[in-house]
Amino acid sequence: EIKNMLCGGATVISLRSNEKDDMTTNLLPENRRPAMHSQGDWVYHQESVVNYESPFFKDLPAGTMDIDVYGDIITSYAFWADDEQLPDVTHSLAFCTGYPSNSGYIGGFKLATYKIDSGILVINSYNLLDSASPVSEKLLINMVDFATEV
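What counts as what
Residues numbered from 1 in each chain as written. Predicted model: local features only at pLDDT ≥ 70, side-chain atom pairs only at ≥ 80, totals over all residues. Heavy atoms only, no water. Helix = DSSP H or I, 4+ residues; strand = E, 2+ residues; numbered from the N terminus. Rg over C-alpha atoms; globule rule 2.2 N^0.38 Å. Buried < 20%, exposed > 50% of the residue type's maximum accessible area, 1.4 Å probe, protein only. Contact = heavy atoms within 4.5 Å. Areas by Shrake-Rupley, 256 points an atom, 1.4 Å probe, with all protein chains shown as cover. Expected span 1.5 Å × (residues − 1). Arc of directions from axis to C-beta.

Student: How do you make sense of the overall build of the chain when you look at a structure like this?
Tutor: Per the secondary structure count, the chain includes three helices and eight strands. Beginning at the N terminus, the succession of helices and strands in the chain can be written as α-β-β-β-β-α-β-β-β-β-α. For the chain, the C-alpha radius of gyration of 15 Å lies close to 15 Å, the compact-globule estimate for 150 residues. C-alpha extents for the chain along the principal axes are approximately 45 × 35 × 25 Å. Per-residue burial for the chain yields a buried fraction of 41% across its 150 residues. Long-range pairs, those at least 24 residues apart, make up 68% of the contacts in the chain between residues at least 6 apart in sequence. Surface accessibility of the chain: about 8100 Å² in total, with carbon and sulfur atoms responsible for 51%.

Student: Any chance you could explain helix H3 (residues 134-149) here in plain terms?
Tutor: Each turn of an α-helix holds 3.6 residues, which means side chains three or four residues apart point in the same direction. Taking 1.5 Å per residue, 16 residues should reach 22 Å; H3 reaches 22 Å between its end C-alpha atoms and fits that length. Among the residues of H3, Val135, Ser136, Leu139, Asn142, Met143 and Phe146 are the ones counted as buried. Considered in projection along H3, the buried side chains sweep an arc of 125° and stay on one side of the axis. Exposed and oriented more than 90 degrees from the buried face of H3 are Pro134 and Thr148.

Quick look at the structure:
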């Protein structure tokens, strides 16, 4: 039913995503589904960055996300995408250099939008529902504003 709403022009916002819950990415056509991974944040800390032009971060600090401001909502989860899996718009991303992997780098997007027919799917890996911080409240308000203006 949600897929039909997307195809009909609705904007659907994911309020929580993690590796155990792939309902949000399953709303995308199979060839566009990004993988979700957890970027362990123990020694090599990830940096999260906000797109200055994102309507979701209107009236919020942009650029590198300050842990003192955004700490309650930042999770270790990010989406990894290649080629046609890439979102239409990336609103924020995370990366970690010096990571113990083959490339020494790990990264992905944390908040993005995909166009599906005439609708828009907002994919999010931030912890918005369990945080009562002013940042999470403002981000939720901006998401609702985005959905009503599109």
